[in-house]
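# Results of the structural survey
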Amino acid sequence: MNLIELSIISLTSAMVVYALAFIAFAMDLARRSAAVGAAQQGQVSEAEQPVAVAAGSVAGSSTSVNSASVNSASAGSASVGPGPLPRAGKPKAADTGLAYGRSPSLRVGVALTVLAWVLHLAAVLMRGIAAERVPWANMYEFSMTGTLLIVGVFLLVLTRVDLRFLGTFITGLVLVLLLLASMNFYVEVAPLPPALQSVWLVIHVFVASLATGLFALGFALSVVQLMQFRRESIAAGGKPARLRFLATLPSSQKLENLAYRVTIIGFILWTFTLMAGSIWAEKAWGRYWGWDTKEVWTFIIWVIFAGYIHARATRGWRGSRSAWLAIIGFSAVLFNFGIVNVFFKGLHAYSGL
Amino acid sequence: MSRPSDHYDSRPPVSEAGDGVTQPKLGFIGWLRWFWRQLTSMRTALFLLLLLAIAAVPGSLVPQRSSDPNGVTQYFADNPDLAPVLDNFQAFDVYSSAWFSAIYLLLFVSLIGCVIPRTAHHLKALRAAPPKTPARLARLAGFTTRQAPAGTDAATAVDSARRLLKSTGYRVALFNSRSRAGRSEFSVSAERGYLRETGNLVFHSALVGVLVTVGFGSGFGFSGQRVLVEGQTFVNTLGAYDSFNPGRFFDDGTLDPYKLSLDTFEADYEMENLDAYGQPIDFTADVTITHRGQESEAGTVKVNEPLYTGGTDVYLLGNGYAPTITVKDPDGNVVFTDSIPFLPQDANLTSMGVVKVPDGLDEQLGMLGFFYPTQDVAASGAYFSSFPDLVYPMLTLNVYAGDLGLDSGVPASVYTLDVDELTPLTGRDIGIDSIELMPGETQDLPNGLGSVTFENANPDAADGDFTGSVPRFASFDIHHDPTQGWVLLFAILVLLGLLTSLFVPRRRVWVKALEGDDGSIRLEYAGLARGEDPTLEAAVSALADRHAALLEADAPPADAPADSLPGGSQQTDSQQTDTRQT
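This one's a predicted model, so the numbers in the text were calculated from it and none came from an experiment. (Residues numbered from 1 in each chain as written. Chains lettered and ligands numbered in written order. Predicted model: local features only at pLDDT ≥ 70, side-chain atom pairs only at ≥ 80, totals over all residues. Heavy atoms only, no water.)

## What to know about the overall build of chain A
Note the threshold: The helix and strand labels rest on DSSP assignments: H or I over at least four residues marks a helix, E over at least two residues marks a strand, and numbering proceeds from the N terminus. Each residue is assigned to one of three classes by its accessible area relative to the maximum for its type, calculated with a 1.4 Å probe on protein chains only: buried under 20%, partly exposed between the two thresholds, exposed over 50%. Residue contacts are defined here by distance: any two heavy atoms, one from each residue, within 4.5 Å place the two residues in contact.
Helix and strand content of chain A: 9 helices and 0 strands. Tracing chain A from N to C terminus, the helices and strands come up as α-α-α-α-α-α-α-α-α. Out of the 353 residues belonging to chain A, those deemed buried represent 60%. Taking the intrachain contacts of chain A between residues at least 6 apart in sequence as the baseline, contacts between residues at least 24 apart amount to 81%.

Shown next as C-alpha cells:
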C-alpha cells in the first residue's frame, strides 16, 4: 500500500470521526435545550431562586483573559450605569447565558474532533509527501488542506475562547466539504505545471486557506449572533423562544465582538493573499492585476469584508446588519472556491479537473 | 468632530430642537456643504463599497476585452442578439466602464473627504496633552479601586502612576483639582495608541496612492508581444514587436534597442507518472542579450522567472513548434524557406499553421498545415497528437492556389488563410491526399508546381530519434511599467496601516488619588476605549496591580505591613471580580 492510498484511508477515517463528532455536538445542543427547558420550569416554581444567573458560563474558559474582557467590557459600560458600585448579589448582566458547563457529549465531541483532525492532518501530510510538494495544488488538495485549516483554527481558538458550541457547525461544514471534494474533485497526484512552480504557491495559497478558516469561524459566529439576537428580541417581548439551546450561548453582543475579532484577522490575511497573488501574477503572467475572474472575486470578497469593518463603525449598521455582511462575505469565499474555480473561465485553471 | 457624524464613536446627533420651526433655506453653498457631508459620511462610504462589490460581479460573468479578447469575439458569435445590448452597457469593459469608474471615483472622493479632516484632527491630537480627568471614574470601563499603603501621599502616588504609564508608552498629564467636599484630588490622565489612527490614515491614503499610481502611472509604460523561433533575434524597437500596446504617455523613443536572441527552448514533459503523462514540467528559454556597445550575456527566461533587462521585463508566456518548410520550384530553386510558428490547439500540441508562398511559382500558393509532435490515428481515421514531445512528428499540408490577397495592402494575419477565394489542390473534397511529411522528407506539390520539404533541424540524430528535429518557438511578453515599484510600496503601506489600525489599541487611562477622612489614600483606576479595544479591562487591572506593587515597594517599610494592600482589592468593582472568575 502506498502513501497515496494511505492518505485516502486516513482521510476517510477522518470523515467518519468528524461525523461522530458532529453527532456528539448535536446531542450537546439537544441537552442544552433540555437544560434550558428544565431551568425555565424551575424558575416558574421557585421564582425567588434565579437559576439562570450563575456566572462564568459565557466563556467557560479559565485561561482566557481576553475573552472574558470582551464580555465585561461591553457589560461594564452598559450595565454599571451611574450608580457608584453595583449591588452585591445582583444577577449578572444579560451578557451571560444560562449556566451550563460542559456536558459529556460536548467533551466527547471535542475529543473526536481532535482525533479526526489528527487523521486529517496525516492524510494531508501523506499526500504532500507522496506528491513531493505542498499538498494544495489542485481542488482536491486545496479542499483537504483548507478544511484542515478550518478545523485547526477552530481548535486553536478553543484554547483561548470557548466556542465549543460551534462544533456542530464546524464539523458539519468540514464533513460536507470533504465529501464533496472526495466525490467530485479527486484527481491523482500530478507534478506541478511550470506556472505553479513558485514559492508563492506555498505562501499565497496557504494564507488564503488560513483566511478562509477564519472567515468560516466568523461566519458561524455571525449566524449564531443573528439567531441569538432574534431570541433576545423575542424574549424581551416576554414570549417563549424556540431553539432554546441559544439561552446557554453568549449574548448576541458578545458573539458579534468575537465574530469581529476573528474576521478582522481573516481580512488582514485576505489582504495579504491579494497582494501575494499580485506579486505572483506579475512573475507568472507579466502583470500584477488583470481582472482575471479569480482576481475579480478575490477583490469582491475583500470589498465585502472592508464593508463589514466599516459597517461595524457605522451607526445603525452595527449588530445584525454587519453580521449579514460577514455571512455574505463567507458565502462569496465558498462561491469563489467552489463555483469560480470550476465553472468560470480564467487563468486560475488549476482545479485539475 | 473629525470623524463622519455617523461614525459609531461620534456623538449621536442632537435631535433638532423645535420641530415646528421653519429652517432657513440652505442656499447653494449650504446645499454643497450638505452634499459633501452626505458624500463623506460612513453610510455613503459603506453603500459605495457594497455597490463596488456588486458592480465587479458582471465582469466575471461575461468575458472582458482586457483579459479575454477572444472570449468576447466568441461571445458575440454565440449571442448575436444579446451581445450588442450588453456592449451598450460596457459589459465587456466593465472595469474601465463609466459606471464602474463612477463608483470607485465617488468612493475615493468620499475617502479623501474623510481622510483629510481626520488627518488635520489627528495632527492636532498628536500635539495635544491628554484631556482632563473626568470627575467620576466609576462610570468608565475597568473601574478599579485600591487602597494606597499607609504613609504614601496622594501626589507621590499619582506621580508614580505617571512614571509607570509614561514608561509603558502613554502620553501623560497631571491634574490637581478639588472635589465638592473640598478635598484635593490628584490625578494623571494618560492616552496611548495614537498609532492606531495613524495606521488608519496611512491605510486609506495608501489606497489612494495605489489608485493614482495604477491609474496614471501605468500610462507611462507599455506592453508588447513577440514570437521568437529558436535561433531568431529580436531588437527592442517598435517595429520588431508583433503587437505593441503603449500607455497614454509612453514615448517609444525611450526604448532601449537591446538585442535578444532565443538560443534554445527546452520543454520537459512528465513521462513516469501515468496519471499525468505528458503534463509539462518545465519550460526554459535560453537567451542571449546584447546591449549596445557591450558584450553579449546569457540569460534564461522561465515561466515564473522573468528576465529583467534594458528597463523591460521579459516574460515567457507561450511556446510551440515552428516547422521549417522549404518550397522549391520545378527546377529545384528555393522559392521559400522559413520556420513557421504553428499555434498549439491542445495540451498535446496538435498545432495549426499557415504557409504563404507569394513569389517564385506559377501561382501564389497557400498551405494550411497541421503538425502533430507524436502523431496517432483515431478510430475514425483522423490524426491527433498523443504526446507533446517529438516522438513521431508529422506535418500535414493542404495546398491551395490563387491570389493570397497580399498585394492589396490589407493587413492579414500570418496565422490565418482565407481559402474561400482559393483553389484547393489537395484535400478530401477533391479526392487528392494531403501532403504528409516527417522531418527530412520531401514531396512533390500537385500540378507539377514544385516540391515541399519539411526540414530536419537535427539531421545527424540516429534513425527514429526525432529529438530536436523541429525547432520550437517561444512567445515573449515584454513589459515596461515604471510605477510597479510604487504600487508595491503603497500596497505594503496598506498592509502595515491595516495591521496597526486594527490591532494597536487606542485608549485613555486615568489614575486618581483621593484623600479620605482618616488621611488614607484611595486610588481609582479607569479606562476609556477609543475604537475596538477588547483588552482594555485587563489592561486597567494590570495597571492597578503594577502600580500597587510599585507603591508598596516605595512605601516606608515600618508603616506598611504586607497585608495592608489586599484590603484594597476587596473594594474592587464587582465587574472586575467577574472578570477574574471567568
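## Regarding helix α7 (residues 154–167) of chain B
All names here are of chain B. Short version of the rule: An expected span of 1.5 Å times one less than the residue number is assigned to each helix. Here a polar contact is recorded for every N or O atom pair within 3.5 Å, except that within protein the pair must consist of a potential hydrogen donor and a potential acceptor, and residues adjacent in sequence are included only if both atoms are side-chain atoms.
Counted at 1.5 Å a residue, the expected span for α7 with its 14 residues is 20 Å, and the 20 Å between its end C-alpha atoms agrees. Tucked into the core, α7 has its buried residues touching β2 (171–178), β3 (184–192), β25 (507–515), β26 (521–529) and α10 (536–554). Sitting at the head of α7, D153 places a side-chain oxygen 3.3 Å from the backbone nitrogen of A155.

## Focus on the domain arrangement of chain B
All names here are of chain B. The line we're drawing: Source of the domain bounds: an automatic or database domain assignment. Buried area adds together the accessible area that both of two parts lose upon being put together, with accessible area traced by a 1.4 Å probe.
What the domain assignment lists for chain B is domain 1 (31–120), domain 2 (129–193 + 505–558), domain 3 (222–321 + 476–480) and domain 4 (324–454). Computed from C-alpha atoms alone, the centre-to-centre distance between domain 3 and domain 4 is 27 Å. Summed over both partners, the interface of domain 3 with domain 4 comes to about 990 Å²; 67% of that surface belongs to carbon and sulfur atoms. It is V229, Y269 and Y321 in domain 3 that bury the most area against domain 4; as a group they hold 60% of the surface buried on that side.

## Brief notes about the environment of R162 of chain B
Residues and elements named next belong to chain B. Locating R162 in the fold gives a position in helix α7. Assessed through its relative accessible area of 23%, R162 is described here as partly exposed. Spatially, the C-alpha atoms of R162 and E524 are 13 Å apart, while their sequence positions differ by 362 residues. Ignoring anything within four residues of it in the chain, the contact list for R162 reads V172, L174 and V188. In terms of polar contacts, R162 uses its side chain to reach the side chain of D159, at 3.0 Å.

## Regarding the domain arrangement of chain A
When the parts come together, some accessible area is lost, and that loss is often what is quoted as the size of the interface. All names here are of chain A. Under the domain assignment used here, chain A contains domain 1 (1–44 + 101–136 + 164–175) and domain 2 (196–353). Listed per partner, the contact involves 13 residues of domain 1 and 18 residues of domain 2. For the pair domain 1 and domain 2, the two sides together bury roughly 1,400 Å², of which 84% comes from carbon and sulfur. It is W136, F165 and L166 that lose the most area in domain 1 upon contact with domain 2, and together they represent 39% of the buried surface on that side.

## Considerations on the pairing of strand β24 (residues 472–480) of chain B
Residues and elements named next belong to chain B. Quick note on the threshold: A pair of strands is labelled paired if DSSP reports no fewer than 2 bridges between them.
Among the 9 residues of β24, 8 are classified as buried, and the element is accordingly described as predominantly covered. When strand β4 (residues 222–229) meets β24, the two strands line up antiparallel, connected through 8 bridges. Within the sheet, the bridge partner assigned to Q225 lies in β24 and is D477. In the sheet, strand β11 (residues 312–321) pairs with β24 via 8 bridges, with the strands oriented antiparallel. By the bridge assignment for β24, Y315 is matched with D477.

## Some remarks on the sheet that holds strand β13 (residues 334–339) of chain B
All names here are of chain B. Applicable threshold: Geometry is summarised by axes, namely lines fitted to C-alpha atoms with helices restricted to the contacting stretch, and by angles between N-to-C directions that run from 0 to 180 degrees.
Pairing within the open sheet is antiparallel, and its 4 strands lie in the order β13-β12-β23-β22. Edge strands, defined here as strands with exactly one partner in the open sheet, are β13 and β22 (442–444). Mean inter-strand twist for the sheet, computed between neighbouring axes without regard to direction, equals 15°.

## Details of the confidence of the model for chain B
If pLDDT is low for a region, its predicted coordinates should not be looked at in detail. All names here are of chain B. Defined as follows: Per residue, pLDDT captures the predictor's confidence, and it can take any value from 0 to 100.
For chain B, the mean per-residue pLDDT works out to 86, and 92% of the residues sit at or above 70. Every residue in residues 559–582 scores below 50 in pLDDT, and together they form 43 contacts with partners more than four places removed in sequence or on other chains. Two numbers describe this predicted complex: its pTM, 0.85, and its ipTM, 0.85.

## Observations regarding the packing of helix α4 (residues 139–158) of chain A against helix α9 (residues 320–343) of chain A
All names here are of chain A. The test is simple: Working definition: roughly parallel below 35 degrees, roughly antiparallel above 145 degrees, roughly perpendicular at 65 to 115 degrees, and oblique for all remaining angles. Under this grouping Gly is polar, as are all residues other than the nonpolar Ala, Val, Leu, Ile, Met, Phe, Trp, Tyr, Cys and Pro and the charged Asp, Glu, Lys and Arg.
At a minimum axis separation of 12 Å, α4 and α9 run at an interaxial angle of 170°. The orientation of α4 with respect to α9, classified from their angle, is roughly antiparallel. On α9, the residues touching M139, F142 and S143 of α4 are F337, N341 and V342. Class assignment of the residues belonging to the contact of α4 with α9 gives a composition of 4 nonpolar, 2 polar and no charged.

## Brief notes about the pairing of strand β9 (residues 297–302) of chain B
Residue and element names in this part refer to chain B. Of the strand pairs in this sheet, strand β8 (residues 280–290) and β9 are connected by 6 bridges, and their pairing is antiparallel. Across the sheet, the residue bridging to V287 is G299, located in β9. In sequence, β8 turns back onto β9 through a hairpin of 6 residues, with G293 there showing a positive phi of about 70°.

## As for the environment of L417 of chain B
Residue and element names in this part refer to chain B. As for its placement among the helices and strands, L417 is situated in the loop between β19 (394–401) and β20 (423–424). A relative accessible area of 14% means that L417 is categorised as buried. Linking L417 and G366, residues 51 residues apart in sequence, is a C-alpha distance of 7.3 Å. What L417 contacts, discounting residues up to four positions off in sequence, is V354, K356, G366, M367, L368, Y400, L404 and L422.

## A look at the sheet that holds β3 of chain B
All names here are of chain B. Read across the sheet, 5 strands follow the order β1-β26-β25-β3-β2 without closing on themselves; strand pairing throughout is antiparallel. Edge positions in the open sheet fall to β1 (141–147) and β2, since each of these has one partner strand only. Each strand of the sheet is rotated relative to its neighbour by a mean of 15°, with strand direction disregarded. Direction of pairing for β2 relative to β3: antiparallel, over a ladder of 8 bridges. Bridge assignment links A173 to a residue of β3, and that residue is S189.

## A look at the side chain of S339 of chain B
Residues and elements named next belong to chain B. On the secondary structure map, S339 appears in strand β13. Residue class for S339 comes out buried when judged on its relative accessible area of 16%. At 2.8 Å, the side chain of S339 forms a polar contact with the side chain of T324.

## Concerning the packing of aromatic side chains
Each aromatic ring pair is summarised here by two numbers: the centre-to-centre distance and the angle between the ring planes. Defined as follows: Pairing of aromatic side chains here covers Phe, Tyr and the six-membered ring of Trp, requires ring centres within 6.5 Å, and sorts the geometry by plane angle: under 30 degrees stacked, over 60 edge-to-face, intermediate tilted. In this analysis the charged atom, NZ for Lys or CZ for Arg, is taken to sit over a ring once it is within 6 Å of the ring centre and within 35 degrees of the ring normal.
The final tally for this structure, using the stated rule, is 37 aromatic pairs over all chains. When the centroid spacing of 6.0 Å and the interplanar angle of 85° are considered together, the rings of F335 of chain A and F344 of chain A count as edge-to-face. Accessibility expressed as a relative area gives 27% for F335 of chain A, which makes it partly exposed. We classify F344 of chain A as buried; its relative accessible area is 19%. The rings of W289, W291 and F299 of chain A together with Y95, F100 and Y104 of chain B are connected pair by pair, giving a single aromatic cluster. The ring of Y260 of chain A is capped by R312 of chain A, whose NZ or CZ atom sits 4.4 Å from the centre of that ring.

## A closer look at the nonpolar core
Rules: Throughout, nonpolar core names a set of buried Ala, Val, Leu, Ile, Met, Phe, Trp, Tyr and Cys residues whose side chains join them through atoms within 4.5 Å.
Among the nonpolar cores identified, the biggest contains 125 residues, and L163, L166 and L221 of chain A together with F100 of chain B are the most heavily contacted of them. Residues in contact with L163 of chain A, not counting those within four places in the same chain, are F154, V157, L158, L221 and L258 of chain A. If you look at the next biggest cluster of nonpolar residues, it comprises 57 residues, including A267, F387, F466 and V470 of chain B.

## Looking at a negative patch on the surface
Residue and element names in this part refer to chain B. We count it as follows: Patches here: salt-bridge-free residues with over 30% relative accessible area, like charges joined within 9 Å, nonpolar side chains (Val, Leu, Ile, Met, Phe, Trp, Tyr) joined within 5 Å. Accessible surface area values rest on a Shrake-Rupley calculation with a 1.4 Å probe, where residue burial reflects the displayed protein chains alone. One side-chain nitrogen of Lys or Arg within 4 Å of one carboxyl oxygen of Asp or Glu is enough to make a salt bridge. Charged residues are defined here as Lys and Arg on the positive side and Asp and Glu on the negative side; His and the ends of the chain fall outside this count. Taken as the charge centre is NZ of Lys, CZ of Arg, CG of Asp or CD of Glu, depending on the residue.
Where like charges cluster on the molecular surface, the negative patch consists of D359, D403, D407, D418, D420 and E421. Mapped onto the fold, D403 is located in the loop between β19 and β20. A residue is classified by how much of its surface remains accessible, and D403, at 54% relative accessible area, is exposed.

## So, the pattern of salt bridges
Two side chains bearing opposite charge may form a pair once their charged atoms approach each other closely. Residues and elements named next belong to chain B. Per the stated rule, a full pass over the model turns up 23 salt bridges over all chains. Residues R43 and D6 are paired through a salt bridge, measuring 3.7 Å at the closest nitrogen-oxygen approach. Taken together, the residues R43 in helix α2 (residues 42–56) and D6 in the segment before α1 (27–39) connect sequence positions 37 residues apart. Taking the relative accessible area as the measure of exposure, R43 reaches 47% and is therefore partly exposed. The closest approach of N and O atoms between R65 and D93, which form a salt bridge, is 2.7 Å. Of this pair, R65 sits in the loop between α3 (58–61) and α4 (69–78) while D93 sits in the loop between α5 (82–88) and α6 (98–127), and the two are 28 residues apart along the sequence. Judged by relative accessible area, D93 falls into the partly exposed class, the value being 25%.

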